[in-house]
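Structure at a glance
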Amino acid sequence: MRIVTYNVNGIKARLPRLLEYLAEQSPDVVCLQELKSSDETFPEAEIRAAGYGAVWHGQKGFNGVAVLAKGVDPIERHRGLAGEPEDEHSRYLEAEVDGVVIASIYLPNGNPVPGPKFDYKLRWIERLSRHARALLGEERPVVLAGDYNVIPNDDDVYSVRAMASDALMQPESRQGYRALLAQGWTDALRTRFPKGGVWTFWDYQAGAWQRDAGFRIDHLLLSPVAADRLQDAGVDKDYRGREKASDHAPTWVRLR
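These notes cover the structure that comes with them. Quantities reported herein were computed from a predicted structural model and do not represent experimental measurements. (Residues numbered from 1 in each chain as written. Predicted model: local features only at pLDDT ≥ 70, side-chain atom pairs only at ≥ 80, totals over all residues. Heavy atoms only, no water.)

Attention now goes to the overall build of the protein chain. Summing up its helical and strand segments, the protein chain has eight helices and 14 strands in all. Counting every position in the protein chain, which comprises 256 residues, the buried fraction comes to 57%. Element-wise, carbon and sulfur atoms account for 50% of the exposed surface of the protein chain, whose accessible area totals about 10700 Å². Charge centroids of the protein chain, computed over 33 positive and 37 negative side chains, lie 3 Å from each other. (Helix = DSSP H or I, 4+ residues; strand = E, 2+ residues; numbered from the N terminus. Buried < 20%, exposed > 50% of the residue type's maximum accessible area, 1.4 Å probe, protein only. Areas by Shrake-Rupley, 256 points an atom, 1.4 Å probe, with all protein chains shown as cover. Lys, Arg positive; Asp, Glu negative; His and termini not counted. Charge placed at Lys NZ, Arg CZ, Asp CG, Glu CD.)

The subject of this paragraph is helix H5 (residues 171-182). Helical geometry: 3.6 residues make up each α-helical turn, so side chains three or four residues apart lie on a common side. Counted at 1.5 Å a residue, the expected span for H5 with its 12 residues is 16 Å, and the 16 Å between its end C-alpha atoms agrees. By the burial criterion, the buried members of H5 are Ser173, Arg174, Gly176, Tyr177 and Leu180. In an axial view of H5, the angular spread of the buried residues amounts to 155 degrees, which keeps them on one side of the axis. Opposite the buried face of H5, at more than 90 degrees from it, the exposed residues are Pro171 and Ala182. If you follow the buried residues of H5, they end up packed against helix H3 (116-136), strand S9 (186-187) and strand S12 (218-222). Where H5 terminates, the next one or two residues include glycine 184, which has phi positive at roughly 125 degrees. (Expected span 1.5 Å × (residues − 1). Arc of directions from axis to C-beta. Contact = heavy atoms within 4.5 Å.)

This next bit is on the sheet that holds strand S4 (residues 65-70). Strand order in the open sheet formed by six strands is S3-S4-S2-S1-S14-S13, with mixed pairing between adjacent strands. Two strands bound the open sheet, and with one partner strand each, they are strand S3 (52-57) and strand S13 (230-235). Within this sheet the neighbouring strands show an average axis-to-axis angle of 15 degrees, counted without direction. Of the strands in this sheet, strand S1 (2-7), strand S2 (29-33), S3 and S4 touch helix H1 (residues 11-25), which is tilted by about 160 degrees from S1. (Pairing = 2+ DSSP bridges. Axes fitted to C-alpha atoms, helices over the stretch in contact; angles between N-to-C directions.)

The subject of this paragraph is the sheet that holds S12. Two modes of strand pairing occur in sheets, parallel and antiparallel, and in both the strands are linked by backbone hydrogen bonds. The strand order S5-S6-S7-S8-S12-S9 describes an open sheet built from six strands, whose pairing is mixed. The open sheet terminates on both sides in strands that have one partner only, identified here as strand S5 (75-79) and S9. Across five bridges, the pairing between strand S8 (residues 142-147) and S12 is antiparallel. Among the inter-strand pairings, alanine 145 is bridged to a residue of S12, identified as leucine 220. Contacting S5, strand S6 (92-97), strand S7 (100-106) and S8, H3 crosses the sheet at an angle of about 20 degrees to S6. Contacts between H5 and the sheet are confined to S9 and S12, with S12 contributing the most and set at about 25 degrees to the helix.

This is the structure in structure tokens:
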């Protein structure tokens, strides 16, 4: 099973690129983030025509997550995270596909630091951590895939100095991510590339793509049962260089 996480940065604007990716790579599951689309305007017909079933959790103008599955309809298990009833952001969607539990995650960015947005980010990580611990208790293959908006290590960024004051690299953000790993989750891309230097995001500004000034914020965390099935992981970097592409590249894991 090939599982992809892909922040599309607006599914309406990026639909041609998404359909192109589905046709060329034929992944089994795709977790989308930052749909910027309401539930009513999600392009279900076009995605079904491409051979994929879908569940989605939209929000007009920003946020939004979805899970697509080739040839089947994902079985929705959970949307949103407990802990803040007033939180209406569409950032978490969990589904089951062929016996594998897969979550699409769009963790808050958190900028500027300090401030209420950063506080919200840290609370959200803690809420995710509580839910992730419960998922581990099921002792099933689980993949937590998405845009975590966390640069875990110094070798996951083109320039530590350039990003030092950003919410993505603050010690509290990194600690939240490492606390997840400490529960027993495996960072698939880190396992495949232990020395780092692999980017999943390149900003539209300052010629970041042309300079390869990127960093790694899209992650696929595997439960122990899923980690035992890990075959490979990688980034389909070339798709970032296509016309009107997202600023993220599709990032994937392959399980037996």
